[in-house]
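# Examination of the molecular architecture
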Amino acid sequence: MPPRKMTGSAPTATPRRQSARTKAPVKKSPYFEHPSEDEDEGHKEESDTASDFEAESEPDDAVHEDEVEASEGREEEADEDEEEEKAAKPARKRTLSTAAISQPRVVKKKKASTGEVFIPHQRAPSPGDIEYADDQIHPNTLRFLSDLTENNNRSWLHGHDAVYRAGKADFDKFVDSMTAAMPERVDDTIPELPVKDLVFRIHRDIRFSNDQTPYKTYFSAAWSRTGRKGPYACYYLQIKPGETIAAGGLWHPEAQALGLIRRSIDKHPERLKRVLTGEGFATEFFGKSKRNEKNMVKSFVAANAAYALKTAPKNYPKDHKDIALLRLKSFTVSKTLDDKDVLSPEFLNRVLDMFKNMEPLITYLNRVIKPDAGDNDDDDSDDDEDADGEDDEEDAEGEDDDAVEE
């Protein structure tokens, strides 16, 4: 049925005063007519471009002029407050950063009962009159290790991180200088590996230890064919105030390597004894007055007696002539140096000379546990010659017996 048409003129509408603000679109009732897609998109675009504050302050068509003006006044005041807050924020940041620069850095350590304790950061120490050098140990490095011995805890080291890093860098450069000189002056089987493969970490493994102090109180490094790790015998240096050690050999080798060393001592004890009685080796580690074989073996056994067996190892008789050597579980030598030696400009050369005198022991151990191609050729030929000599003597004795019988 067509809609009824209204006759007559339409009533005159009272003109409204138009607002200067943009009017919100008129929403249609969802109960009678669904909005079109165009209207949805237009409304979405308006809501996206407007801020939350502007969306809340938009007037309705029926809002009175006074209310519109009051809302606009509140909007302007809010805008002014927001601008003041934004302008004030950078100023507060600059004030905080300036204060932070003027104050010393601190580390906060929380405690359960007393609140917070502030520990000031220590800056890297000044070198003083002695400049840092790659081939020397600086006095600051020994000083740091001495302080660490008295303050072996995480909070102290965290507060002295710059001091620790300066000491570690000094030691790392010294190790790098040693590495460059090792192949030519000590042992040509030692490769030039990076420092990280030679230097030990300062952190202790305290999982199964009664001593729960978290850090070692020394810097240390080891040189071998595979660096600080691996099965080979190594040269070892440990920097510690009053107890610096230059050492080398095999400490607690694995069962297979230990078995090979004991077999070599059983079959060819003269090889190890030849090393122990060498002039440079004996003079460096045992003194000039003990160069005979008996004294050298006794001194070597005493140096490694801490972890030696109390009885004979398996498959060896208790009355073996070299039972003292067979009971050993480590094969090392070492020498202690004082702080005066460590801080001397000749310390690097001194350590290299000690390692050079130690080289025969390192070479002997490596040839036994990890022989290279041709390492045992001379040994096998010696064994063959000995066996051939015994056979010749037996043949000669047999011929003499036959002649006597005839």
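Data block above holds the structure.
The structure presented is a predicted model; accordingly, all values stated were derived computationally and were not measured.

### Some words on helix α9 (residues 279-286)
Restricting attention to buried positions, one finds in α9 the residues F281, A282, E284, F285 and F286. Looking at the packing, one finds that the buried side of α9 touches α8 (269-276), α10 (293-303), β6 (331-337) and α13 (347-369). Trailing α9 by a residue or two, G287 shows a phi angle of about 90 degrees, which is positive.

### So, unusual backbone geometry
Within the chain, H252 stands out as a residue other than glycine whose phi angle is a positive 50 degrees. In this fold, H252 is placed in the loop between β5 (244-250) and α7 (255-267). Judged by relative accessible area, which is 33%, H252 ranks as partly exposed. Although it is not a glycine, N315 sits at a positive phi angle of roughly 75 degrees.

### Remarks on the environment of K335
Take K335: it is sitting in strand β6. By relative accessible area, K335 is classed as partly exposed at 26%. Put simply, K335 and E284 are 51 residues apart on the chain and 8.3 Å apart in space, counted from C-alpha to C-alpha. Each residue touching K335, except ones within four places of it in the same chain, is listed here: T244, I245, A246, E284, F285, R350 and M354.

### What about the packing of aromatic side chains?
Counted according to the given criterion, the structure contains 11 aromatic pairs. One aromatic cluster in this structure is built from F144, W156, Y164, F171 and F219.

### Some points on the nonpolar core
Core analysis: the largest hydrophobic core is formed by 70 residues, its most contacted members being W223 and F355. Contacts of F355, omitting those with residues within four sequence positions, involve M178, M182, V186, W223, Y235, Y236, L237, A246 and A247.

### Focus on the environment of W251
Position of W251 relative to the elements: it lies in the loop between β5 and α7. The class of W251 is exposed, set by a relative accessible area of 55%. Along the primary structure W251 and T332 are separated by 81 residues, whereas in three dimensions their C-alpha atoms are 6.5 Å apart. Not counting chain neighbours up to four residues away, the residues in contact with W251 comprise Y307, S330 and T332.

### A look at the pattern of salt bridges
Overall, the coordinates contain 12 salt bridges when judged by the stated rule. Between D172 and K168 there is a salt bridge, and its shortest N-O distance comes to 2.9 Å. Pair noted here: D172 and K168 are both in helix α6 (residues 161-185), with a separation of four residues, about one helical turn. Of the residues examined, D172 reaches a relative accessible area of 17% and is grouped as buried. As a salt-bridge pair, K273 and E293 come within 3.5 Å of each other at their nearest N and O atoms. With K273 in helix α8 and E293 in helix α10, this pair connects stretches of sequence that are 20 residues apart. Exposure remark for K273: the relative accessible area of 15% places this residue in the buried category. A single salt-bridge network, built from bridges that share partners, covers K273, E293 and D322.

Cut-offs and rules
- Residues numbered from 1 in each chain as written.
- Predicted model: local features only at pLDDT ≥ 70, side-chain atom pairs only at ≥ 80, totals over all residues.
- Heavy atoms only, no water.
- Buried < 20%, exposed > 50% of the residue type's maximum accessible area, 1.4 Å probe, protein only.
- Helix = DSSP H or I, 4+ residues; strand = E, 2+ residues; numbered from the N terminus.
- Contact = heavy atoms within 4.5 Å.
- Phe/Tyr/Trp six-rings, centres within 6.5 Å; stacked < 30°, edge-to-face > 60°.
- Core = buried A, V, L, I, M, F, W, Y, C linked by side-chain atoms within 4.5 Å.
- Salt bridge = Lys/Arg side-chain N within 4 Å of Asp/Glu carboxyl O.

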